[in-house]
Amino acid sequence: MLHHAKEQLGDQLTVDWKYFSLEQVNSQHGPDWKLWEQPESYPSRARLAWKGAIAARQQGEQAFDRFNLALLTARHANGKELTEPATIMDAAKQAGLDMDRFKQDFEQATLAPVGRDFEEGREEYGVFGTPTIVFQDGHAGYMRLRPLPPEDQLLDVWQQVKSVINGRPSIQEIKRPVPPAK
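Here is a short report on the structure shown in this document. (Residues numbered from 1 in each chain as written. Predicted model: local features only at pLDDT ≥ 70, side-chain atom pairs only at ≥ 80, totals over all residues. Heavy atoms only, no water.)

### Observations concerning the side chain of Thr-87
- Following the sequence through the fold, Thr-87 ends up in helix H5 (residues 85-94).
- For Thr-87, a relative accessible area of 7% puts it in the buried group.
- When near neighbours in sequence (up to four residues on either side) are disregarded, Thr-87 contacts Leu-71, Ala-74, Lys-80, Glu-81 and Leu-82. (Helix = DSSP H or I, 4+ residues; strand = E, 2+ residues; numbered from the N terminus. Buried < 20%, exposed > 50% of the residue type's maximum accessible area, 1.4 Å probe, protein only. Contact = heavy atoms within 4.5 Å.)

### Quick notes on the packing of helix H1 (residues 2-9) against helix H8 (residues 154-167)
- Across the interface, H1 lies against H8 with an axial gap of 9 Å and an inter-helix angle of 100°. It follows from the interaxial angle that H1 and H8 lie roughly perpendicular. Between H1 and H8, the residues in contact are Leu-2, His-4, Ala-5, Gln-8 and Leu-9 and Leu-154, Leu-155, Trp-158 and Gln-159, respectively.
- Within the contact of H1 with H8, the residues separate by chemical class into six nonpolar, three polar and no charged. (Axes fitted to C-alpha atoms, helices over the stretch in contact; angles between N-to-C directions. Parallel < 35°, antiparallel > 145°, perpendicular 65-115°, else oblique. Nonpolar A, V, L, I, M, F, W, Y, C, P; charged D, E, K, R; others polar.)

### As for the environment of Val-127
- With respect to the element layout, Val-127 can be found in the loop between helix H7 (112-125) and strand E1 (132-134).
- With a relative accessible area of 8%, Val-127 lands in the buried category.
- It is 35 Å that separates the C-alpha atoms of Val-127 and Asp-100, two residues lying 27 residues apart in sequence.
- Ignoring anything within four residues of it in the chain, the contact list for Val-127 reads Phe-20, Gly-121, Arg-122 and Thr-132.

Quick look at the structure:
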């Protein structure tokens, strides 16, 4: 939805993607344990995706945006696993990245930016999950859509979400119950 809104609104909408670790939020390791400080061998579900995003960002924000969209599509539309190196490399190819540079930057990437963004999100905005949208005025909101609205309704849904988060800060939570499948 955000990609569609950005296409429609152009420069009226600036998107600054940040990293946020649900593994850190849900960790049972205690408050001093930090996922981004763990060795490469630590089995993180998102490590490869983050390293890919960090490497893509080395080629500029437009390259990152293309990679991010390809990776989100691979995961959420095509059911690909982010723990598979092929998923990350395919997203980089689809994004048109310089693959030699991408592979080099991917190998050298550390998760330090994940730690910085995670701490900022928690301390500044109280982020607890993804996706959380933070607007320029500091209002933030978590949103989950299932299923994605039809394409001709995406911009309208975006505007409604923005209106609720920015214009109604007293609304702290709206959660719709989902009946069990029969």
